[in-house]
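Structure at a glance
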Amino acid sequence: MHVLIVGGGLGGLGLAQCLRKQGISFEVFERDEDAQSRFQGWAIGIHTIIEKLQSSFPSDMATLKDATDHLQPLDLPAQMGLYFPGRPGRMGVEDTPEHPIVRSERHRLREWLSTNIPIQWGKRVVSIDHNDAGVQVSFEDGTTASGDILVGADGINSGVREHILQKPAKDVLKLVPLAAIVGEVTLEGDAFVRQLELGHSAYVYASPDLGFWNFNGLHHVLPGGRSGKHYWMLMQPDATVESPDHWLQSATQEQKHEHVMKLIANMPPRFRELFEATPASGIKKEAHVWRDLELDTQGGLPASRVMLVGDAAHAMTPFRGEGGYHSFIDAMNLCQTLVSLKEGDKYKDVSVVKPAVDEYNKEMLQRGGDAVRSSRNENSAKRTSDTKTKFTTANQMVRSLPEVPIVLDKVIKA
Ligand SMILES: Cc1cc2nc3c(=O)[nH]c(=O)nc-3n(C[C@H](O)[C@H](O)[C@H](O)COP(=O)(O)OP(=O)(O)OC[C@H]3O[C@@H](n4cnc5c(N)ncnc54)[C@H](O)[C@@H]3O)c2cc1C
């Protein structure tokens, strides 16, 4: 059995590692020219499945934490702080032996997932053919590849999904009505420490009078441990955000910076600091429009030799930090389905392939759809203001998490 994987992101490489462990033949095709050619994002939290993920992958890989932890070289647990109205002090979750969380720096995560995977770079899939006997993909460079199974791990604007559904992305993706401005800044010394104290990995400060939602995260600590790269997102409800004449479509960095400074004026000083430390040149130039995707669990994805993992099937807003987590679950589950199809060469008979893929699709779409809906509603003012709401994040119940002073000399690992 030979599996073609389109997309070398989290889902595609996660599946490739599972298949490598099972000795199943595969190829990974990635449109990027090389590992450096596109910014991979900042950091993502991985939890609950860490042990399962490591045991599904080959033993020649380093541990997830050693290879990807964004807090290295600081000896601090991954930690997410939540400052919500009507709830005194800080709440949040953190990495503990009982509930491990690794906050992975995205570039390191892709490197780790690439361990001993011969990714074929510069291979943009432009068309797909499949029938009951097999699959074929054609690339922009004029070459082709053939196999028994094709997996679309090609992200939110998936061409593989478009082939399966015969519908363009614009007909299935749903606009998330939020106008976002994103900033990045490097901090050192006391300013760096103050951000770590608010939440080692990230924090959110919510208040109904603000009229916006913000997320403040550490991208990664810099070598030496005395400075770090940080990022933030500030989002306002706005259903017109994708209109070509929306002001953010053409706003300069200075205009966005000025807008943010006005919005944050009423925040307590310590929650303003990260924004105020960001120069206009640290504001992302591009406009950010969030979209998500929910496919019908009943027949929303016809079963065939072509299947999907990750954002291609269930893209979600990043507010609960679950998209990558579900991509990994898809990859592990699909690998099991493929292992069962390889046994006794069952994959040769499409009448056996279809019900197995259908079963995989149903579970994936149900689980993914639940996550899409909860991610969409995560930041509603009603939700954060209702003090009776029980929050979970990283699959942990959010609890009181008193702030602890940090002395860098004591937490920098030798
Ligand atoms: C700001 C932000 C923060 C996030 N934070 C978190 C978090 O904390 N926790 C979490 O779990 N998730 C998080 N997510 C979600 C997570 O990033 C995605 O769910 C995850 O990357 C999806 O993995 P994927 O493999 O499906 O798609 P992707 O990672 O998008 O990978 C798709 C790959 O396919 C390639 N590709 C596309 N088209 C083609 C083609 N035609 N031919 C060949 N290759 C192609 C792309 O170049 C890309 O490498 C966040 C997302 C964002 C935007």
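Preceding this section is the structure that the text describes.
Calculation rules
For every chain, the first residue of its written sequence is number 1, and the numbers climb from 1 along that sequence. For this predicted model, a pLDDT threshold of at least 70 governs which residues receive local features, and a threshold of 80 or more governs which side-chain atom pairs are given and counted, while totals over whole chains, interfaces and linings are taken from all residues. Think of the side-chain values as coming from all heavy atoms in the structure, minus any hydrogens and water. Working definition: residue near molecule or strand if any one of its non-hydrogen atoms lies within 4 Å of it. In protein, a polar contact means a hydrogen-donor-capable atom and an acceptor-capable atom, both N or O and within 3.5 Å, with residues adjacent in sequence counting only if both atoms are side-chain atoms; elsewhere, any N or O pair within 3.5 Å suffices. Note on areas: Shrake-Rupley with a 1.4 Å probe; residue coverage comes only from the protein chains shown. Numbering of helices and strands runs from the N terminus, with a helix taken as a DSSP run of H or I at least four residues long and a strand as a DSSP run of E at least two residues long. Residues were grouped as follows: Ala, Val, Leu, Ile, Met, Phe, Trp, Tyr, Cys and Pro as nonpolar; Asp, Glu, Lys and Arg as charged; and all remaining residues, including Gly, as polar. Strand pairing is defined by DSSP finding a minimum of two bridges between the two strands. Note on definitions: angles span 0 to 180 degrees between N-to-C directions of axes, and those axes are lines fitted to C-alpha atoms, for helices only across the stretch in contact. To sort residues, take the accessible area from a 1.4 Å probe on protein chains only and compare it with the maximum for the residue type: under 20% means buried, over 50% means exposed, and anything in between is partly exposed. Any two residues whose heavy atoms approach within 4.5 Å are treated as being in contact. Here, a disulfide means two cysteine sulfur atoms that sit within 2.5 Å of each other. Throughout this description, the term salt bridge denotes a Lys or Arg side-chain nitrogen within 4 Å of a carboxyl oxygen of Asp or Glu. Only protein atoms enter the 1 Å grid used here, on which a cavity is any set of points holding a 1.4 Å probe that cannot leave and a pocket is any open set flanked by protein within 12 Å on both sides along at least five of seven lines; residues with an atom within 4 Å of a point are listed as lining. Grid points are joined across faces, edges and corners, and a volume is the space filled by probe spheres set on the points.

1. With respect to the site of the ligand
Inspection of the region around the ligand gives 35 residues, with Gly11, Glu30, Arg31, Arg106 and Asp311 positioned closest. A distance of 2.8 Å separates a nitrogen atom of the ligand from a polar backbone atom of Gly321. Between the ligand and the protein, one listed contact pairs an oxygen atom with a side-chain N or O atom of Ser327 at 3.4 Å. Protein coverage of the free-state accessible area of the ligand, which is 1000 Å², stands at 85%. Listing elements by their share of the shell around the ligand, those giving two or more residues are helix 1 (10-22), strand 3 (43-47), helix 4 (106-113) and helix 12 (323-342). Counting residues per element, the shell around the ligand draws most heavily on helix 12, which supplies four residues. Among the residues making up the shell around the ligand, the classes are represented as twelve nonpolar, eleven polar and twelve charged.

2. Here we look at the sheet that holds strand 8 (residues 135-139)
Pairing is antiparallel across the open sheet formed by three strands, whose spatial order is 7-8-9. On the outer flanks of this sheet lie strand 7 (125-130) and strand 9 (144-147), each paired with one strand and no other. Direction aside, neighbouring strands of the sheet carry axes that sit 15° apart on average. Pairing between strand 8 and strand 9: four bridges, direction antiparallel. Bridging across to strand 9, Val137 finds its partner in Ala145.

3. A closer look at the pairing of strand 14 (residues 213-221)
Burial within strand 14 is extensive, with nine of its nine residues counted as buried. Pairing between strand 13 (residues 202-205) and strand 14: two bridges, direction antiparallel. Residue Tyr203 lies in a different strand from strand 14, and its bridge partner there is Asn216. Across eight bridges, the pairing between strand 14 and strand 15 (residues 227-237) is antiparallel. Bridge pairing links Asn214 to Leu234 in strand 15. In sequence, strand 14 turns back onto strand 15 through a hairpin of five residues, with Gly224 there showing a positive phi of about 100°.

4. What to know about the environment of Met1
Looking at the secondary structure, you find Met1 in the segment before strand 1 (2-6). Residues Met1 and Ala287, spaced 286 residues apart in sequence, show a C-alpha to C-alpha distance of 43 Å. The residues contacting Met1, other than those within four sequence positions of it, are Ile24, Ser25, Asp148, Ile149, Leu338, Lys342 and Tyr347.

5. Examining the state of the cysteines
Inspection of the entire model under this criterion finds zero disulfides. Not engaged in a disulfide, the cysteine Cys18 finds its nearest cysteine sulfur in Cys335; these two sulfurs lie 4.7 Å apart. Cys18 sits in the buried class, given a relative accessible area of 2%. When its relative accessible area of 2% is taken as the criterion, Cys335 is described as buried.

6. Some thoughts on the environment of Pro85
If you trace the backbone, Pro85 turns up in the loop between strand 4 (79-83) and strand 5 (91-94). Looking at Pro85, the relative accessible area reads 19%, which means it is buried. Separated by 51 residues in sequence, Pro85 and Gln136 place their C-alpha atoms 54 Å apart.

7. Describing the pattern of salt bridges
One pass over the structure, following the stated rule, counts 26 salt bridges. The salt bridge involving Asp95 is made with Lys65; its shortest N-O contact spans 3.6 Å. Remark: Lys65 occurs in helix 3 (residues 64-68) and Asp95 occurs in the loop between strand 5 and strand 6 (101-105); sequence separation between them is 30 residues. Residue Asp95 is classed as buried on the basis of its relative accessible area of 17%. In this structure, the salt-bridge partner of Glu258 is Lys262, at a minimum N-O distance of 3.8 Å.

8. A short note on the environment of Ser158
Mapping Ser158 onto the fold places it in the loop between strand 10 (149-152) and helix 5 (159-165). Judged by its relative accessible area of 1%, Ser158 is buried. Distance in space between the C-alpha atoms of Ser158 and Asp311 is 8.2 Å, their sequence separation being 153 residues. Only 3.2 Å separates the side chain of Ser158 from the backbone nitrogen of Val160, close enough to count as a polar contact.

9. Focus: the sheet that holds strand 20 (residues 399-400)
Strand pairing in a sheet is mediated by backbone hydrogen bonds. Such pairs are either parallel or antiparallel. Here seven strands make up an open sheet; going across it, the order is 12-15-14-13-4-5-20 and the pairing mixed. Unpaired on one side and paired on the other, strand 12 (178-188) and strand 20 mark the two borders of the sheet. In the sheet, strand 4 pairs with strand 13 via four bridges, with the strands oriented parallel. In the sheet register, Met80 faces strand 13, and the bridge partner there is Ala202. Helix 9 (residues 253-264) rests against strand 12 and strand 15 of the sheet, and its axis sits at about 80° to strand 15.

10. Considering empty space enclosed by the protein
Taken as a whole and assessed by the stated rule, the structure comprises two cavities of 30 Å³ or more. Approximately 50 Å³ is the volume attributed to the largest cavity. Lining of the largest cavity is provided by Gln195, Gly199, His200, Ser201, Ala202, Tyr203, Asn216, Gly217, Leu218, His230 and Leu274. No other element matches the three residues that strand 14 contributes to the lining of the largest cavity. Counted as a void, the second largest cavity has a volume near 30 Å³. Lining the second largest cavity, in full, are Thr297, Gly299, Gly300, Leu301, Asp358, Asn361, Lys362 and Leu365. A class-by-class count of the residues in the lining of the second largest cavity yields two nonpolar, four polar and two charged.

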